[in-house]
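# Secondary and tertiary structure notes
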Amino acid sequence: MFKRVLAIILASSVLLAATACGSSTAQTETEGDQSSAPSRGNEPIIIEFWYAFGGTVEENTNRLVEEFNASQDEIIVKAEYQGGSYNDLHTKVQSAFAAKNPPAVTLNEITVIKNFAENGMTQPLDPYMEQDNFDLDDFIPGLLSNTQVDGKTYGLPYLRSTPLIYYNATLFEKAGLGKDAPKTMDELLEFSRKLTQGEVIGLSTPITTWTYEALVDSYGGRLLNEEETEAVFNSPKAMKAMELYQQGIRENVFKNTTGGDATSQAKLEFQNQRSAMILGSTADLAYYVQIAKENGFELGAGFIPNGGEGSVPTGGANLVMVNGITEEQAYAAWEFMKFVTSKEQTIKSSIATGYLPARISAKGDTVMQDFYKEQPLFRVAVDQLETAIPRPMAENFPKVNSLLLDALTECLIDPSADAQAIMDAAVEESDALLAQ
Amino acid sequence: MKGGKKKRKILPYFLVAPSIVFFLVFYIYPILYNMYLSFFEWNLISPTKDFVGFQNFKSLFSSDEFLEVISNSLIYMGTVVFFTVIIALLLAVWLNKNSFIHTMIQGLVFSPYIISFVSVSFVWMWLMDVDYGLLNYFLGLLGFEKCQWINHPDTALLSIILVGIWKLVGYDTLVIIGGLQSIPKSIYESVAMDARPSWKTFLQITVPMVSPTLFFLVIVNLITSAKVFETIAIMTKGGPLNSTNTLVYYIYKVAFDYFEIGSASAAGVVLFVILAIITFFYFKILSNKVNYASD
Amino acid sequence: MYKKNKSVKILLRILNGVAMVIVGIIFCLPFVWMILTAFKSLGDTILIPPKWILDELHWENFAAAWQSGPFLHYIWNSIVSTVGILVLQFLVAIPAAYAYARCSFYGKNLLFGLTMITMMIPSQLIFLPIYLLMSQWGLLNTYGALILPFAGSAFTIFLLRQSFMQIPQEIVDAARIDSASEFQIITKIMVPLAKSSMVTAGLFSFISHWNDYFWPLIMTTNDTVRTLPIGIAKLREVEGGVAWNVLMAGNVILVIPILILFFVAQRQIIKAFVYSSK
């Protein structure tokens, strides 16, 4: 009768719960360790490091964790993958924080570091730095810009990048342009004209705000003012970037792609040798090198063309320590962070992932120099760091970013559009958001 | 006997109890929590939430972006469901034979349904490539101009709709084939006596006989298309210029790109209400048109 | 005249066949591309238009995909969680569907309406409170977090109810006269006659949960119960360029179980739709 049905349902639920509990015992031990700190000296302190991205980044992360764990007995770090984008990672960390069970160390993409810090999710590293006489002098200054919030240090550079211009040296030669990247914005346009023939277009321009920011900064303009209270991407210098874009599109020597897939589509054009140049991140370098090799063309990489000032934004993420963890965990976290950002490790990480080495001394180290001799293109991004400037970190920047992207799209889909008016409108809306 | 009757009276409650418990815990509670959050401003990390009453709803409905999102969603849902069901019906009638090749083609038509979209997004990028894509190639052969597909706000939604239909048609086709096969042959035989053109047979007999199936598919497709997310997250991220921004994507973006949980929750409430209204009307209509053996 | 008709017929048949092949290609083209790409070299993967004829088969892509993570572990987790979901869904849905289909009780329509409403709710809306709940109950990183939230399947209840409603009352009355218990009625009459709906619901559920990436990602912070789609996603989400060949190899691995299931059971599945569509 129905009693039997009930019994079966209850039994299966109990069974299920048992399985659930069974597989959770392993986990609860770790969870337990995170909330009640065992005494130092008896058992090792266990902390979790949450990261994003698979591939070489994951491999490198696992290597770092293994080497760290092997090098001492006090601390065991567990690295856990949390998704394939910084967004996924941030979401998970926030949810875990809300559930009062966050990891001790994680990454903050450089534009959110201020948000997290001001909301109490991460803690300043200054006290730990003082204790250990740890200073930031050896870190490349250009990379420190997005680690400071309100005068305190909240992050250490870990996987950082800059934008570069990639070009097809083989097509350059065919067009009689020599082997070097265009050095100025004027050259960029000129080269594009010469390169656009037959199926080939000079420059692929995916409509994204990061590449646009690179151009704006190069011209000496900015997206936001220094206090981040106003948007200034409609200033005369910033608008030069827009003029360049619109000009190139009108002449059909630049080619746009838009939408979520914009970057992928543009990359495909370049990889298929249908465009001769493309702006991209250092992170793309290793991949392009291999594609170029397999498809028989020579790859070149250069500084973002200089529009007058030649400043360049950076990208990537910093290591941060989560707030609200115990003293033991903080100690362990700090030790791990020091290890990861040490000269030896930053060299290994840079070679493995293609991201920038964080320290000045790393740049000059023989291992690094040898690597650059073998793969000269990897040197370009590091050299460009001399002129690196910070990216916006304002709380409402994601929304402003959306507004900018829409404005960009409008201006570039129809290159005869009144760019100044469109940008002015976007700036007005952005100011309202930034004032909040 | 009396004991039996009493047992029969409370029995149904025990039968539905487990399902109700699960629904309350894993659907109703979260939706109520969602509604609760919609009255606050919160960014998920700060320990305090600010009560703002109906402010979130007011901002939503006065925002052009949100109104466009609703309109995009309704257009997407309506168009996808309409064309999917019709195409599936035609395909089902055409492919409804038991030969090996028919079964093969049925299987192939079903294949988009079983793969996650990520696996095939690259192909769609190629198919919709403006200069070298297959779709524009065929448009060219037919004498049309190149379409910008996902590169232009005027055509991006259409592109997403196309993908949506492609994904769903196979499932509907198979279900309809099943429905067709349950029409007693005797009905066709009795009609074959009069000389009717086959399209009349189709319209006056086939379609009414599979109408219960079609109704079922319409609601299932409406729900599935209301939840569209993956395709948009991969191909367009809501752009260009908001033309493919639909409700679930908008909610996700507002919550986790902008950190505005309250606003996202309010949008979630709106989505839920829209779907509830649709379901309500659907069941009102359905209960009138379909008969069951036990009635 | 007779000959003309015959040749026209043959022509039509050929055209019909060609049309079918074209339609088949349209639908499975991306699928075919996926399989081909799994065997390509990296350089070939980015070619537009794609290469359809391969010079050599790069089986190492499969090895690379397989070794990128604990795939065997992921596959096991996928099987456990998907099967667990299906089993629990049926255990919960069968009694409920029976009650909605064949019993009358106070509040029936209200409860059924409640059930239907849950079909409307996408997981992006509700994962946060469920995540917090699971965390509180210590169920994060357990199969419980992957299975329990889906135990109630309105879709399954809906389909089963339709089938149960079609079973003639006479059969049930006859069984009652033979003093069959409710349990026996459910298990010996209702369920066997609704096999087809169960196949439909099961298939629908299996496909969506087998391919689910979002939910397992949110509910797990480590690899203990992580499922295959996450392992595959790792291949795609890399900074820099996507190795489409390795990624597609991973996707082929992901889709094989479903394919096997489907092609083995295709005729059965269609038969299932025959009844459940009423």
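This paragraph deals with the overall build of chain B. When helices and strands are counted, chain B shows 12 helices and two strands. Helices (α) and strands (β) of chain B occur, in sequence order from the N terminus, as α-β-β-α-α-α-α-α-α-α-α-α-α-α. For chain B, buried positions account for 58% of its 295 residues. Sequence-distant contacts in chain B: of pairs separated by 6 or more residues, those separated by 24 or more amount to 65%. On chain B, roughly 13000 Å² of surface is accessible, and the fraction owed to carbon and sulfur atoms is 68%. Charged side chains in chain B number 19 positive and 16 negative. The centres of these two groups are separated by 23 Å.

The next thing to look at is the sheet that holds strand 11 (residues 299-302) of chain A. All names here are of chain A. Across the sheet, which stays open at both edges, the five strands sit in the order 9-8-10-7-11 with mixed pairing between neighbours. Two strands close off the open sheet at either side, each with one partner strand: strand 9 (254-257) and strand 11. The sheet shows a mean angle of 25 degrees between the axes of neighbouring strands, direction not considered. For strand 7 (residues 163-168) and strand 10 (residues 275-281), the ladder comprises five bridges, and the chain directions are antiparallel. In the strand pairing of strand 10, Leu164 is matched with Gly280. Its contacts with the sheet place helix 8 (residues 185-195) against strand 7, strand 8 (201-206), strand 9 and strand 10, and it is angled at close to 140 degrees to strand 10. On top of the sheet, helix 10 (residues 236-250) reaches strand 8, strand 9 and strand 10; it is set at about 105 degrees to strand 9, its chief contact.

On to the interface of chain C and chain B, then. Contacts between the two partners involve 91 residues from chain C, matched on the other side by 83 residues from chain B. At the boundary of chain C and chain B, one finds zero salt bridges. There are six residue pairs in polar contact (both at pLDDT 80 or more) connecting chain C and chain B. Per-element tally for the side of chain C that touches chain B: the top contributor is helix 1 (residues 2-37) of chain C, with 14 residues. Split by residue class, the side of chain C that touches chain B holds 70 nonpolar, 15 polar and six charged.

Time to look at the domain arrangement of chain A. Residue and element names in this part refer to chain A. On domain assignment, one finds that chain A holds domain 1 (3-161 + 315-373) and domain 2 (163-313 + 396-434). Each of domain 1 and domain 2 has a C-alpha centre, and these two points are 33 Å apart. Contacts between domain 1 and domain 2 engage six residues on the former and six residues on the latter. Surface buried jointly by domain 1 and domain 2 totals about 500 Å² across both partners, of which 55% is contributed by carbon and sulfur atoms. Three residues, Ser161, Gly315 and Gly354, lead the burial of domain 1 against domain 2; their summed loss comes to 53% of the area buried on that side. Joining domain 1 to domain 2, the criterion identifies one salt bridge.

Residues and elements named next belong to chain C. Remark: helix 4 (residues 71-102) packs on helix 8 (residues 154-165), axes separated minimally by 8 Å, with the N-to-C direction vectors making an angle of 45 degrees. Between helix 4 and helix 8, the crossing angle belongs to the class labelled oblique. Relative to helix 8, the crossing made by helix 4 is right-handed. Two secondary-structure elements touch here, helix 4 through Gln89, Phe90, Ala93, Ile94, Ala96, Ala97, Tyr98, Tyr100, Ala101 and Arg102 and helix 8 through Thr156, Ile157, Leu160, Arg161, Phe164 and Met165. Partitioned by chemical class, the residues of the contact of helix 4 with helix 8 number 12 nonpolar, two polar and two charged.

Moving on, we come to helix 17 (residues 377-384) of chain A. Three or four residues apart is the spacing at which side chains of an α-helix point the same way, because the helix has 3.6 residues per turn. Most of helix 17 of chain A sits inside the fold, with six of its eight residues counted as buried. Taken as a whole, helix 17 of chain A has its buried residues at Leu377(A), Phe378(A), Val380(A), Ala381(A), Val382(A) and Gln384(A).

This part takes up the interface of chain B and chain A. Taken together, the contact pairs 30 residues of chain B with 35 residues of chain A. Surface buried jointly by chain B and chain A totals about 3000 Å² across both partners, of which 60% is contributed by carbon and sulfur atoms. Its largest share of buried area at the contact with chain A, chain B owes to Ile45(B), Met125(B) and Tyr132(B), together 21% of the area lost on that side. For the salt bridge of Lys399(A) with Glu260(B), the shortest nitrogen-to-oxygen distance reads 2.8 Å. Counting across the chain B and chain A interface gives six residue pairs in polar contact (both at pLDDT 80 or more). Among the secondary structure elements, those contributing two or more residues to the side of chain B that touches chain A are helix 1 (2-37), helix 5 (117-127), helix 10 (230-235) and helix 11 (247-256) of chain B.

Residues and elements named next belong to chain A. As enumerated under the stated definition, the model contains 25 salt bridges over all chains in all. A salt bridge links Glu251 to Arg193, with the shortest nitrogen-to-oxygen separation between them at 2.6 Å. One end of the pair, Glu251, is in the loop between helix 10 and strand 9; the other, Arg193, is in helix 8, with 58 residues separating them in the sequence. As a salt-bridge pair, Arg379 and Asp383 come within 3.1 Å of each other at their nearest N and O atoms. Separated by four residues within a single helix, Arg379 and Asp383 lie in helix 17, roughly one turn from each other. On the accessibility criterion, Arg379 (30% relative accessible area) is partly exposed. What makes Asp383 partly exposed here is its relative accessible area of 26%. In the salt-bridge network here, residues are joined through shared partners; they are Arg63, Glu67, Glu344 and Lys348.

Now for the domain arrangement of chain B. When the domains of chain B are assigned, the result is domain 1 (1-29) and domain 2 (38-294). Distance from the C-alpha centre of domain 1 of chain B to the C-alpha centre of domain 2 of chain B: 35 Å.

Once that is clear, we can look at the packing of aromatic side chains. Under the definition given, this model contains 56 aromatic pairs over all chains. When the centroid spacing of 6.1 Å and the interplanar angle of 50 degrees are considered together, the rings of Phe54(B) and Phe57(B) count as tilted. Exposure remark for Phe57(B): the relative accessible area of 15% places this residue in the buried category. Geometrically, the ring pair formed by Phe216(B) and Phe158(C) is stacked, given 6.1 Å between the ring centres and 10 degrees between the ring planes. Of this pair, Phe216(B) sits in helix 9 (residues 198-226) while Phe158(C) is found in helix 8, placing the two residues in two different chains. Owing to a relative accessible area of 5%, Phe216(B) belongs among the buried residues under this scheme. For Lys49(B), the ring lying beneath its charged end belongs to Trp42(B), and the centroid distance is 4.5 Å.

Let's shift gears to the pairing of strand 6 (residues 155-161) of chain A. Residue and element names in this part refer to chain A. Most of strand 6 is tucked away, with seven of its seven residues classed as buried. In this structure, strand 6 lies alongside strand 13 (residues 315-321), joined through six bridges in antiparallel fashion. Its bridge partner lying in strand 13, Ser161 is registered against Gly315.

We now examine the sheet that holds strand 6 of chain A. Where strands meet in a sheet, backbone hydrogen bonds hold them as pairs that are either parallel or antiparallel. Residue and element names in this part refer to chain A. Overall, mixed pairing links the five strands, which are arranged 2-1-3-13-6 in an open sheet. Looking at which strands have only one partner, the edges of the open sheet turn out to be strand 2 (75-81) and strand 6. Sheet twist, expressed as the average angle between the axes of neighbouring strands with direction ignored, equals 25 degrees.

Let us now look at the packing of helix 10 of chain A against helix 19 (residues 419-435) of chain A. Geometrically, a packed helix pair is captured by the angle between its two axes and the distance between the axes. Residues and elements named next belong to chain A. Packing of helix 10 against helix 19 leaves a shortest axis separation of 11 Å and a crossing angle of 135 degrees. Taken together, helix 10 and helix 19 sit at an angle that is classed as oblique. By crossing handedness, the relation of helix 10 to helix 19 is classed as right-handed. Contacts from Met239, Met242 and Gln246 of helix 10 reach helix 19 at Ala419, Gln420 and Met423. The residue makeup of the contact of helix 10 with helix 19, split by class, is four nonpolar, two polar and no charged.

Rules behind the numbers
Residues numbered from 1 in each chain as written. Chains lettered and ligands numbered in written order. Predicted model: local features only at pLDDT ≥ 70, side-chain atom pairs only at ≥ 80, totals over all residues. Heavy atoms only, no water. Helix = DSSP H or I, 4+ residues; strand = E, 2+ residues; numbered from the N terminus. Buried < 20%, exposed > 50% of the residue type's maximum accessible area, 1.4 Å probe, protein only. Contact = heavy atoms within 4.5 Å. Areas by Shrake-Rupley, 256 points an atom, 1.4 Å probe, with all protein chains shown as cover. Lys, Arg positive; Asp, Glu negative; His and termini not counted. Charge placed at Lys NZ, Arg CZ, Asp CG, Glu CD. Pairing = 2+ DSSP bridges. Axes fitted to C-alpha atoms, helices over the stretch in contact; angles between N-to-C directions. Salt bridge = Lys/Arg side-chain N within 4 Å of Asp/Glu carboxyl O. Polar contact = N/O pair within 3.5 Å; in protein donor to acceptor, adjacent residues only side chain to side chain. Nonpolar A, V, L, I, M, F, W, Y, C, P; charged D, E, K, R; others polar. Domains from an automatic or database assignment. Buried area = accessible area lost by both parts, 1.4 Å probe. Parallel < 35°, antiparallel > 145°, perpendicular 65-115°, else oblique. Left-handed = near helix turned anticlockwise from the far one by under 90°. Phe/Tyr/Trp six-rings, centres within 6.5 Å; stacked < 30°, edge-to-face > 60°. Lys NZ or Arg CZ within 6 Å of the ring centre and 35° of its normal.

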